[in-house]
Amino acid sequence: NNIPKAVPIKSNANAIRKDADQGNCELTTAQEKMVDGNVDYDTLDYSDEEMEKVGENQIDTEGEDGEELENKDGKGGAVAAVAAASNAIAGAATAIILSAMGKTFDGFTSLGLSGVALGLGATNLALSLPNVFDSNLGERENQTNNAANNNTIIQNYTDTLSSDMEMMLEDSKMYSELSAGLTQAQVDTITQIGALEAEMQVYQSQGNTAKVAELKAQIEALKQGSEEENKGPQEEMDGLKENIETYTGNNAEASGVKASGDTVSAFLKEGDSMKKMAIACGSLQAVAALACASTIVFPKIWAAFAPVDGVAATIATVMFVAAGLSFSTASGMMFKNADKEGAAVDAGDEMAGYLASLQENIDGQAGFTETTSGVYTETDEAATETVTENQDAANEANGNGPQGANGNGGNKPKPEEPPTGNVA
């Protein structure tokens, strides 16, 4: 579908780009340039479902007539081929029988039989035409010619997923290293702040407000400095987490390519049954051609009618020979059909091999993605636990932890409360 003229391209560039990538619309060369010039790639985002459609669009699963390949054989293509082959085989077999009979009967009878044989030969010739024998053979040839390009596309996605798995190993290692460094930096900061808070409590007890203010400023500066220093590693870690979305998107896109590739491969491999039928037809047609040609020598059974019989026999012989030539030509065409169908099957089998490798990487990359995501979660949980434990320990040491909840300064003794009631 083309973009309606009423739709402004500049303000809808992102949406149009996504639709075009998924095969929902077609762009002219001018529209393609205008869209690409106005796409905001920073905000261009695809869901996994959309990425799968993008992948499906990488391999064309439509025939030249616009019909989906998966429907072609299912909508009577194979049935028509079986019918053509059956008729061809029946005609060739009948011609063999007629030629045998033609050498037995008189010339007049042979003449009639030769006419039928010639008609069967012409019918076989028509049934052997490529698009009559298999209405989808032309499309199978097109897909055979496109197979190498499709295999390259499939291999590229296989390589991408393989690269993803290698990258995820590096990402996991880097994430663990960054997390370890960040966690240690946070623990060091907690320790330093804890020491300053302990020192500040001493000056507070002495009433040295100036020194307390100085220490508070140091603590605040330490916190701010820690935040700035930790910002870089944290951003790197966040970036590694965001890569997971890229990897899942690549997996979804590759799955779309696999689905389209399966459709094309299956269509090509459907030629296997056609190939077998074509060989059977061609072989029997060749026999029929030889049988018809063998009628060149006719016995003269009715001598009383020899002059007439001789003319009839001669004409019958010519017609049988013509029928033989028709069967011979039909046989040659059928064997060519078999070659073309066989080439399609070979292409389909080869593509199936590429698709099998792709599926292996789809499954493997999905497992890597799940494992890597799990590593990030476990690493974050371990880091949070370590930081929390150190913070609790520092709080407890300085009277800010759970033991200090009653306001007695943690482990410090609770000050005596003033006596209540009557004083003696």
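Reading the values: the criteria
Residues numbered from 1 in each chain as written. Predicted model: local features only at pLDDT ≥ 70, side-chain atom pairs only at ≥ 80, totals over all residues. Heavy atoms only, no water. Helix = DSSP H or I, 4+ residues; strand = E, 2+ residues; numbered from the N terminus. Buried < 20%, exposed > 50% of the residue type's maximum accessible area, 1.4 Å probe, protein only. Contact = heavy atoms within 4.5 Å. Areas by Shrake-Rupley, 256 points an atom, 1.4 Å probe, with all protein chains shown as cover. Core = buried A, V, L, I, M, F, W, Y, C linked by side-chain atoms within 4.5 Å. pLDDT = per-residue confidence, 0-100. Salt bridge = Lys/Arg side-chain N within 4 Å of Asp/Glu carboxyl O. Axes fitted to C-alpha atoms, helices over the stretch in contact; angles between N-to-C directions. Parallel < 35°, antiparallel > 145°, perpendicular 65-115°, else oblique. Left-handed = near helix turned anticlockwise from the far one by under 90°. Nonpolar A, V, L, I, M, F, W, Y, C, P; charged D, E, K, R; others polar. Phe/Tyr/Trp six-rings, centres within 6.5 Å; stacked < 30°, edge-to-face > 60°. Lys NZ or Arg CZ within 6 Å of the ring centre and 35° of its normal. Expected span 1.5 Å × (residues − 1). Bend = angle between axes of the 7 residues up to and from the residue.

Caption draft 1: Region of interest: the overall build of the protein. When helices and strands are counted, the protein shows ten helices and zero strands. Start at the N end of the protein and walk to the C end: the helices and strands fall as α-α-α-α-α-α-α-α-α-α. Residues counted as buried form 38% of the 424 residues belonging to the protein. When contacts within the protein are restricted to residue pairs at least 6 apart in sequence, long-range pairs at least 24 apart make up 84% of them. Total accessible area on the protein stands at roughly 22,600 Å², and carbon and sulfur atoms take up 54% of it.

Caption draft 2: The nonpolar core, seen in detail. The biggest cluster of nonpolar side chains holds 18 residues, and the ones touching the most others in it are Ile 154, Met 351 and Leu 358. Elements that contribute at least two residues to this core include exactly helix H7 (137–206), helix H8 (209–269) and helix H10 (306–397). Leave out the neighbours within four places in its chain, and Leu 358 touches Ile 154, Tyr 157, Thr 158, Leu 161, Ala 254, Val 257 and Lys 258. In terms of nonpolar packing, the next biggest core, distinct from the first, is built from 13 residues, Ile 9, Leu 27, Leu 44 and Val 54 among them.

Caption draft 3: Structural detail: the confidence of the model for the protein. Residue-level pLDDT values for the protein average 85, and 86% of them are 70 or greater. In the predicted structure, residues 300–308 sits below a pLDDT of 50 and forms six contacts with residues beyond four places in sequence or in another chain. Of the regions scoring below 50 in pLDDT, residues 401–424 engages in 14 contacts with residues more than four places distant in sequence or in other chains.

Caption draft 4: Focus on the pattern of salt bridges. Taken as a whole, this structure holds twelve salt bridges when the rule is applied. Arg 17 is paired through a salt bridge with Asp 36; the nearest N and O atoms lie 2.8 Å apart. Of this pair, Arg 17 sits in helix H1 (residues 13–21) while Asp 36 is found in helix H2 (residues 29–38), placing the two residues 19 residues apart along the sequence. Relative accessible area serves as the criterion here: at 34%, Asp 36 is assigned to the partly exposed category. Across the pair Arg 140 and Asp 134 runs a salt bridge whose closest N-O atoms are separated by 3.0 Å.

Caption draft 5: Main features of the packing of H7 against H8. Two numbers describe how H7 lies on H8: the axes approach to 7 Å, and their chain directions differ by 165°. As the angle between them shows, H7 and H8 are arranged roughly antiparallel. Where H7 crosses over H8, the two elements pack in a sense that is left-handed. Grouping the constituent residues of the contact of H7 with H8 by class yields 27 nonpolar, 16 polar and twelve charged.

Caption draft 6: Expanded view of the packing of H1 against H2. At a minimum axis separation of 8 Å, H1 and H2 run at an interaxial angle of 125°. With respect to their mutual orientation, H1 and H2 come out oblique. Crossing of H1 over H2 shows left-handed handedness. Along the contact surface, H1 presents Ala 13, Asn 14, Ile 16 and Arg 17, while H2 presents Glu 32, Val 35, Asp 36 and Asn 38. Looking at the contact of H1 with H2, its residues break down into three nonpolar, two polar and three charged.

Caption draft 7: Representation of the packing of aromatic side chains within the structure. The tally for this structure, following the rule as stated, stands at one aromatic pair. Between the aromatic rings of Tyr 175 and Tyr 376, the centroid separation amounts to 4.3 Å while the plane-to-plane angle is 35°, which identifies the pairing as tilted. With Tyr 175 in helix H7 and Tyr 376 in helix H10, the pair connects residues that are 201 residues apart, well separated along the chain. Residue class for Tyr 175 comes out buried when judged on its relative accessible area of 1%. By relative accessible area, which is 3% here, Tyr 376 ends up buried. Of note, Lys 18 hangs over the ring of Tyr 46, and the distance from its end group to the ring centre comes to 5.6 Å. Positioned over the ring face of Phe 267 is Arg 140, at 4.7 Å from the centre of the ring.

Caption draft 8: Expanded view of the environment of Asp 36. A C-alpha to C-alpha distance of 8.8 Å links Asp 36 and Asn 14, two positions 22 residues apart in sequence. When neighbours within four sequence positions are excluded, Asp 36 is seen to be in contact with Arg 17 and Tyr 41.

Caption draft 9: View of H7. Here H7 contains 70 residues, and its C-alpha end-to-end distance of 99 Å stays within 8% of the 104 Å for a straight helix at 1.5 Å per residue. The largest bend in H7 is about 45°, located at Ala 147. Phi turns positive one or two residues past the end of H7, at Gly 207, with a value near 75°.

Caption draft 10: Region of interest: the side chain of Ser 265. Within the secondary structure layout, Ser 265 lies in helix H8. We classify Ser 265 as buried; its relative accessible area is 3%. Sequence-distant contacts of Ser 265, defined by excluding residues within four places in its chain, comprise Gly 348, Met 351, Ala 352 and Leu 355.

Caption draft 11: Main features of the environment of Ala 84. Along the chain, Ala 84 turns up in helix H4 (residues 69–102). Given a relative accessible area of 5%, Ala 84 falls into the buried group. For the pair Ala 84 and Ala 278, spaced 194 residues apart in sequence, the C-alpha to C-alpha distance is 9.8 Å. Setting aside its immediate chain neighbours within four residues, Ala 84 contacts Leu 127, Val 132 and Phe 133.

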